[in-house]
Amino acid sequence: MIATVVMAVAVLLLAVWIMARGAGLSESHDFGAGAYYYADIPNFDKIINDEAYQAKLPFWVYVALFLGWGFLMYRLWSWIDKK
């Protein structure tokens, strides 16, 4: 318990220190709060190749697979949580 509290406090202090110093930020690219979105990167449409991947299945199949995978992972997590 003590180790957990010490680690949590250390992580919070380190996070505040990193934010206060602005560590990890690129001065030439100020993207703001949404920096992790690729759409914010200047000229990103020129970096990617949209034609590199062509979907072979209808869109609804991908949605069904995504939802099915999420359901399976939810069931697995629920089963693990009961153990």
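Everything numeric here is computed off the predicted structure, so don't read it as measured data.

Each value, and the rule that gives it
Residues numbered from 1 in each chain as written. Predicted model: local features only at pLDDT ≥ 70, side-chain atom pairs only at ≥ 80, totals over all residues. Heavy atoms only, no water. Helix = DSSP H or I, 4+ residues; strand = E, 2+ residues; numbered from the N terminus. Buried < 20%, exposed > 50% of the residue type's maximum accessible area, 1.4 Å probe, protein only. Areas by Shrake-Rupley, 256 points an atom, 1.4 Å probe, with all protein chains shown as cover. Expected span 1.5 Å × (residues − 1). Patch = residues over 30% accessible without salt bridge, like charges linked within 9 Å, V, L, I, M, F, W, Y side chains within 5 Å. Salt bridge = Lys/Arg side-chain N within 4 Å of Asp/Glu carboxyl O. pLDDT = per-residue confidence, 0-100.

Asks: A description of the overall build of the protein should follow, citing residues and the corresponding values.
Replies: Broken down by element type, the protein carries 3 helices and 0 strands. The secondary structure elements of the protein, listed N-terminal to C-terminal, are α-α-α. By residue count, 2% of the 83 residues in the protein fall in the buried class. When the accessible surface of the protein is split by element, carbon and sulfur atoms take 69% of a total near 8,300 Å².

Asks: Go over helix H3 (residues 59-82), please, and point to the residues and values.
Replies: The terminal C-alpha atoms of H3, which comprises 24 residues, lie 35 Å apart, in line with the 34 Å expected from a rise of 1.5 Å per residue. Burial of H3 is sparse: only 1 of the 24 residues sit out of reach of the surface.

Asks: Could you give me a rundown of a nonpolar patch on the surface, with the residues and numbers involved?
Replies: A surface patch of nonpolar side chains, amounting to about 1,100 Å² of accessible area, comprises Trp69, Phe71, Leu72, Met73, Tyr74, Leu76, Trp77, Trp79 and Ile80. With respect to the secondary-structure elements, tryptophan 79 resides in helix H3.

Asks: Describe the confidence of the model for the protein, with residues and values.
Replies: Confidence in the prediction of the protein, expressed as mean pLDDT, is 83, and 76% of residues score 70 or more. Per-element averaging of pLDDT across the protein places helix H2 (residues 44-47) at the bottom with 70 and H3 at the top with 95.

Asks: I'd like a rundown of helix H1 (residues 2-21), residues and numbers included.
Replies: Over its 20 residues, H1 runs 29 Å from end to end, which matches the ideal 28 Å to within 8%, given 1.5 Å per residue. The buried count for H1 comes to 0 of 20 residues, which makes it a mostly uncovered element. Downstream of H1 by a residue or two, glycine 22 has a phi angle that is positive, lying close to 70°.

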